[in-house]
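Examining the three-dimensional arrangement
If you want the building blocks of each chain, they are given just below.
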Amino acid sequence: MNGEPIIRFEDVSKVYSLPAGAVVALDHVSLTVDAGEFIAVMGPSGSGKSTLLNMMGCLDVPTSGKIYLSGKEISGMSDDDLTRLRRDHIGFIFQQFNLIPLLSAVENVEFPVILTAGREESRRRATEVLRAMHLDDALFSHKPGELSGGEQQRVAIARALANDPDLLLCDEPTGNLDTKTGTAIMDLLAAENRRGKTIVMVTHDPRVAGYARRRIQIVDGRLV
Amino acid sequence: MILIDLAVRNLRRHAVRSVLALVGIVIGVIALASLGILGASLSLLIGGLVSDVSDTILVTPHVAASSGDPFDPRTALASSLSDKDVALIEKAAGQNRVIPMIRTSKRFRADDASGYVTVYALRADDIPSLLAKEAGRYPAPASPGVMVGSLLADEFDLHVGSRIEFGNESVRVTGIAAERGMGIDIYPDYAVIVTEDRYAGQNYGMVVVKVRDSADIGEVKAAIDGQVNRRKEKVDVLDSREVLQIYYETRDAISFFLLGIGAVSLAVASVSILNVMIISVAERRREIGLMRSIGAQRHEVLVMFLYESLALGVAGSITGGVASALVGYYAAAAASEFFGGFGAPGGPAAPGAVVAGYIIVGMAFGIVASVLAGLYPAWKAATLNPIEALRYE
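This section reports on the structure supplied with the text. (Residues numbered from 1 in each chain as written. Chains lettered and ligands numbered in written order. Predicted model: local features only at pLDDT ≥ 70, side-chain atom pairs only at ≥ 80, totals over all residues. Heavy atoms only, no water.)

**Things to note about the overall build of chain B**
Convention followed: Comment: elements are numbered from the N terminus, with helices defined as DSSP H or I runs of at least four residues and strands as E runs of at least two. We call two residues in contact when some of their heavy atoms are within 4.5 Å. Shrake-Rupley sampling with a 1.4 Å probe provides the accessible areas, and residues are treated as covered by the protein chains on show and by no other component.
Looking only at helices and strands, one finds eleven helices and ten strands in chain B. Across chain B, every contact between residues at least 6 apart in sequence was considered, and the portion connecting residues at least 24 apart equals 79%. As displayed, chain B offers around 18600 Å² of accessible surface, 61% of which is attributable to carbon and sulfur atoms.

**Things to note about the overall build of chain A**
How we decide: For this measure, only C-alpha atoms enter the radius of gyration; the expected value for a globule follows 2.2 Å times N^0.38, where N is the number of residues. Per-residue accessibility, obtained with a 1.4 Å probe over protein chains only, is compared with the maximum for each type, and a residue is labelled buried under 20%, exposed over 50%, and partly exposed between these values. Only four residue types enter the tally: Lys and Arg on the positive side, Asp and Glu on the negative side; His and the chain ends are excluded. By convention, charge coordinates are those of NZ in Lys, CZ in Arg, CG in Asp, or CD in Glu.
Counting its regular elements, chain A contains seven helices and ten strands. Taken over C-alpha atoms, the radius of gyration comes to 17 Å for chain A, in line with the 17 Å a tight globule of 224 residues would show. When the backbone C-alpha atoms are referred to their principal axes, chain A occupies close to 50 × 40 × 35 Å. In chain A, buried positions account for 54% of the 224 residues. With 25 positive and 30 negative side-chain charges, chain A shows a spacing of 2 Å between the two charge centroids.

**Brief notes about the pairing of strand S7 (residues 169-177) of chain B**
Residue and element names in this part refer to chain B. As a reminder of what qualifies: The pairing criterion for strands is at least two bridges between them, as found by DSSP.
In this sheet, S7 lies alongside strand S4 (residues 133-136) in antiparallel orientation, the contact comprising three bridges. Residue pairing in the sheet places Gly136 in a bridge with Gly175 of S7. Here three bridges tie strand S5 (residues 146-148) to S7, and the two strands are oriented parallel to one another. By the bridge assignment for S7, Val146 is matched with Val173. Bridge count for strand S6 (residues 163-166) against S7 is four bridges, and the pairing is antiparallel. Bridged to Ile164 within S7 is Val171. Between the antiparallel neighbours S6 and S7 lie two residues, among them Gly167 with a positive phi of about 65°.

**Details of the pattern of salt bridges**
Just so we agree on the cut-off: We define a salt bridge as a contact between a side-chain nitrogen of Lys or Arg and a carboxyl oxygen of Asp or Glu at a distance within 4 Å.
Applying the stated criterion to the full structure yields 27 salt bridges over all chains. A salt bridge links A:Arg84 to A:Asp81; its shortest N-O distance comes to 3.0 Å. A residue pair is termed a helical-turn pair when its members lie 3 or 4 positions apart in one helix, as A:Arg84 and A:Asp81 do in helix H2 (residues 79-89) at three residues. The class of A:Asp81 is partly exposed, set by a relative accessible area of 32%. For B:Arg284, the salt bridge identified is with B:Glu287, shortest N-O distance 3.3 Å.

**Focus: a negative patch on the surface**
Here is the rule: Patch definition: residues above 30% relative accessible area lacking any salt bridge, with like charges linked at up to 9 Å and the nonpolar side chains Val, Leu, Ile, Met, Phe, Trp and Tyr linked at up to 5 Å.
There is a patch of like negative charges on the surface, built from B:Asp111, B:Asp112, B:Glu134, B:Asp154, B:Glu155, B:Asp157 and B:Glu179. For B:Glu134, the location among the structural elements is in strand S4.

**Re the environment of B:Leu22**
Residue and element names in this part refer to chain B. With respect to the helices and strands, the residue Leu22 is situated in helix H2 (residues 15-50). C-alpha separation for the pair Leu22 and Ile273, spaced 251 residues apart in sequence, amounts to 8.1 Å. Ignoring sequence-local partners within four residues, the contact set of Leu22 consists of Leu312, Ala315 and Gly316.

**A look at a nonpolar patch on the surface**
All names here are of chain B. On the surface, a nonpolar cluster with roughly 630 Å² of combined accessible area is contributed by Leu310, Val314, Ile318, Val322, Leu326, Val327 and Tyr330. Turning to its location among the elements, Leu326 is positioned in helix H9 (residues 298-340). Leu326 sits in the exposed class, given a relative accessible area of 52%.

**Let's talk about the interface of chain A and chain B**
Applied cut-off: Buried area is understood as the total, over both parts, of accessible area removed when two parts are fitted together, assessed with a 1.4 Å probe. Pairing of N or O atoms within 3.5 Å defines a polar contact, subject to two protein rules: one partner must be a possible hydrogen donor and the other a possible acceptor, and residues neighboring in sequence count only if both atoms are side-chain atoms. Amino acid classes used here: Ala, Val, Leu, Ile, Met, Phe, Trp, Tyr, Cys and Pro are nonpolar; Asp, Glu, Lys and Arg are charged; the rest, including Gly, are polar.
Contacts between the two partners involve 27 residues from chain A and, on the opposite side, 25 residues from chain B. Taking both sides of the interface into account, the surface hidden between chain A and chain B amounts to around 2400 Å²; carbon and sulfur atoms contribute 60%. Where chain A meets chain B, there are four salt bridges. Between B:Asp5 and A:Arg119 there is a salt bridge; the shortest N-O distance is 3.6 Å. Applying the counting rule to chain A against chain B returns seven residue pairs in polar contact (both at pLDDT 80 or more). It is H2(A) that provides the largest number of residues to the side of chain A that touches chain B, a total of six residues. Partitioned by chemical class, the residues of the side of chain A that touches chain B number twelve nonpolar, five polar and ten charged.

**A few points about the nonpolar core**
Counted only if it meets this: Here, nonpolar core refers to any group of buried Ala, Val, Leu, Ile, Met, Phe, Trp, Tyr and Cys residues whose side-chain atoms link them within 4.5 Å.
One finds A:Ile7, A:Phe9, A:Met56, A:Phe111, A:Val200 and B:Phe305 to be the most contacted residues of the largest nonpolar core, which totals 69 residues. Counting residues per element, this core draws most heavily on helix H7 (residues 240-283) of chain B, which supplies six residues. Within the second largest apolar cluster, 38 residues are counted, among which are B:Val59, B:Val98, B:Ile102 and B:Ala110.

Given below as structure tokens:
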């Protein structure tokens, strides 16, 4: 950390050109996320929450405005640089878990690590984070299809944490889970935040948003 | 490496589809390699047929067919070479031996078997210069005895002293010619060789000129052409170099044709791989989006899909290579058996190094074709927009 905010949006807009006409997904958004924050982004469907999260995760670029990650402006970066940034500094957690069905639980967690580190080192780190997520060792070799929703989301969180990123971006992390499992998952995320991870989480669920220390409301692409 | 693992596991996940794509490559490699081996074996066998003609000039009566038009009515005209023509040829050939001959066929019967057999009628003193002797003696002038080719003798169990029915007369076999194979001049192994006095008064069908020094062939040929064809084209003069040239052209045409068939089947196989890979990329869009979002670079996605087509290519080429070694061997053996019937000398198949060479070429083409077929789908996968790919259901 260099004292800079971890994320800074300066007058960011995103316009999608569709055959039916232009759609403004983000409209002159400026915001700052400091290191260690836990933020819930809330708003109705189509309000621009996911676009905001994709921009934070360097998956999308703004039509206008500037985005800084840890003080670095990302608009001039190449696709390879952005990919490296995602791999080393950002962890993604999705509503659908998005595990690779061909890989076992532990291999899924290894995947982002093994792209840069050796097999042994990746296996050691994957095992470590999976245990921290309270996943039974016996399930490590199971394929995603053989795991429950809660177990899959634990694996997905472990994968997001495997490269020890500064920032966790979560898109409805409990959206596909029952209340009890959802609570367990949120407890894990809150614990990671206490350990120093910055978390930005998109959610509809006010109870889940209750775990965050700051809430951002977004309507029609504008912060309110 | 995890990208290779993923490629192989994806192929296994769709085992039937992968095997079908593999079969395409296997067939392509077999076609390319075994047709190549077959072509090489054929050219070796045909090469054996013309290997003994380096000192030979063949003079035949000029027919319209030799101008290349089979529908020319003159083609059907019987034509021959008179004693006068032979004398002109002898004059042109100088010191080199000139062997005029009549080639015809006659009814033949030995034991219970009968049929028509080729007959070569030559001057008695020319026979030893054209044929080696296996047993007995050469036919003497005006003698009733005949010489038979070695394969004819084997087939009908003829020995020196055996009696055969030859035309309407019964004659004794006085000699057996050594096996010689088919040349551009004569093919004596299944023939009966007699002295020309049996056909006294008949014109000759062709004249063979044995040139002592093969460096003189062009000169002798030009001399004959100048001497006999001075006023009008009466004879066609063919030397062994021309025969060899025709042989090489034919061999090249056969090789290109066979390799062409192989290449087409490999092209069809790569289209099937292209198809499988495009389906694979379409099915895994969400997975590709995910990989890109968690840190896989474009080139890593590209390489993962190339591994997939490479794995198909390698597996298909190895299987195809082994299969074509077997198929090529049997195809060459069959060709050898077929040509063996014409007395072609030479081994049963192309040498091991040539066979291995064609198999390696076939396999290399199989692998290259697979990887090339995988390039476009892999590039499509690598350039997918991660957000759109992640949204894909």
